[in-house]
Amino acid sequence: NLLTVTPSLPVLSVKELIEHARANPGKLSYGTSAVGASPHLSMELFKSMTGTGIVHVGYKGSQQAITDLISGQIDVVCDNVGPLLPLVRAGRLRGLGVTALKRSPVLPELPTLDEAGIPGYELTTWGGLALPARVPRDIVRRLNAEINKALLSPAVSQALAAHSLTPEGGTPERFTEHVRKQTEKLGNLIKSIGITPQ
């Protein structure tokens, strides 16, 4: 995800956003389109790790939140890179950092939030393939090998890059462990901020 602010907000970095939010508790707002989705959890993790009080404003869609961010109706949006990238490049929004532990290949000039002063901050959107548990192991291995091969092909990697996605293959065991860790991490965050099923 990409942390962005409205250009009218007098902050130029993650550090300045944290300082401004601490100096103005409850006065800044951030927009998302869904409670519990990665944009919402990105900002809630940001708030919990920085001790800031930024107010959540819910929208029916990301574009509504982005439109209000451009116009200054809200102050912050932390959403997928894809829809925000052209607006940052055009100067209609100010990008401050990315939520992954590695810089984005499409915005290498922006630091990660970890680099920008929130040690250990990481929250990424990700996807993968899952199969029923009873699928034979040899089929799982073959499918995994073919997916890894496809991710290395120029056509697939270019198509993913066009949507600001970074392909990352691996083993079924690695993906299982990733899902376990993310479920634990995000589950703890969801419990700590009191999100309940809607």
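Treat the numbers as computed from the prediction; the structure is a model and nothing was measured.

Peer 1: Which residues make up the overall build of the protein, and what values do they have?
Peer 2: Across its full length, the protein carries seven helices and five strands. Mapped in sequence order, the helices and strands of the protein form the string β-α-β-α-β-α-β-α-β-α-α-α. Here the C-alpha radius of gyration of the protein, 18 Å, is about what a compact globule of 198 residues would show, namely 16 Å. Its C-alpha atoms give the protein principal-axis dimensions of about 55 × 35 × 30 Å. Counting the 198 residues in the protein, one finds 34% classified as buried. Of all intrachain contacts in the protein linking residues separated by at least 6 positions in sequence, the fraction that spans at least 24 positions is 67%.

Peer 1: With reference to specific residues and values, describe the packing of aromatic side chains.
Peer 2: Summed over the entire model, instances satisfying the criterion amount to one aromatic pair. Aromatic side chains W126 and F175 sit 5.7 Å apart centroid to centroid with 80 degrees between the ring planes, which places their arrangement in the edge-to-face category. With W126 in the loop between β5 (94-98) and α5 (137-152) and F175 in helix α7 (residues 172-193), the pair connects residues that are 49 residues apart, well separated along the chain. With relative accessibility at 38%, the residue W126 sits in the partly exposed group. Look at F175 and you get partly exposed, because its relative accessible area is 25%.

Peer 1: Can you break down the confidence of the model for the protein residue by residue, with the values?
Peer 2: Scored by pLDDT, the protein comes out at a mean of 92, with 99% of its residues at no less than 70. Of all helices and strands in the protein, the one with the weakest mean pLDDT is helix α6 (residues 154-162) (85), whereas strand β1 (residues 2-5) scores best (98).

Peer 1: Can you tell me about the pairing of strand β2 (residues 29-32), naming the residues and giving the values?
Peer 2: Both faces of β2 are covered, namely the face carrying S29 and G31 and the face carrying Y30 and T32. Crossover connection from β2 via helix α2 (residues 38-50) to parallel strand β3 (residues 55-58): handedness right-handed.

Peer 1: Run through the packing of helix α3 (residues 62-71) against helix α4 (residues 81-89), naming residues and quoting values.
Peer 2: Direction vectors running N to C along α3 and α4 enclose 20 degrees, while the axes themselves pass 11 Å from each other. On the basis of the axis angle, α3 is roughly parallel to α4. Here the hand of the crossing between α3 and α4 comes out right-handed. In contact with Q63, I66 and I70 of α3, α4 contributes P83, L84 and L87. Per-class residue counts for the contact of α3 with α4 are five nonpolar, one polar and no charged.

Peer 1: I'd like to hear about the side chain of T6, residue by residue, with values.
Peer 2: Among the structural elements, T6 can be located in the loop between β1 and α1 (14-23). When residues no more than four places from it in sequence are discounted, the contact partners of T6 are L69, I70, G72, I74, D75 and R94.

Peer 1: An account of the environment of S48 is requested, with residue identities and associated values reported.
Peer 2: Here S48 is to be found in helix α2. Along the backbone, S48 and W126 are 78 residues apart, and their C-alpha atoms lie at a distance of 22 Å. At a separation of 3.0 Å, a polar atom in the side chain of S48 contacts the main-chain carbonyl oxygen of L45.

Parameters and conventions
Residues numbered from 1 in each chain as written. Predicted model: local features only at pLDDT ≥ 70, side-chain atom pairs only at ≥ 80, totals over all residues. Heavy atoms only, no water. Helix = DSSP H or I, 4+ residues; strand = E, 2+ residues; numbered from the N terminus. Rg over C-alpha atoms; globule rule 2.2 N^0.38 Å. Buried < 20%, exposed > 50% of the residue type's maximum accessible area, 1.4 Å probe, protein only. Contact = heavy atoms within 4.5 Å. Phe/Tyr/Trp six-rings, centres within 6.5 Å; stacked < 30°, edge-to-face > 60°. pLDDT = per-residue confidence, 0-100. Right-handed = clockwise from strand over helix to strand, strands pointing away. Axes fitted to C-alpha atoms, helices over the stretch in contact; angles between N-to-C directions. Parallel < 35°, antiparallel > 145°, perpendicular 65-115°, else oblique. Left-handed = near helix turned anticlockwise from the far one by under 90°. Nonpolar A, V, L, I, M, F, W, Y, C, P; charged D, E, K, R; others polar. Polar contact = N/O pair within 3.5 Å; in protein donor to acceptor, adjacent residues only side chain to side chain.

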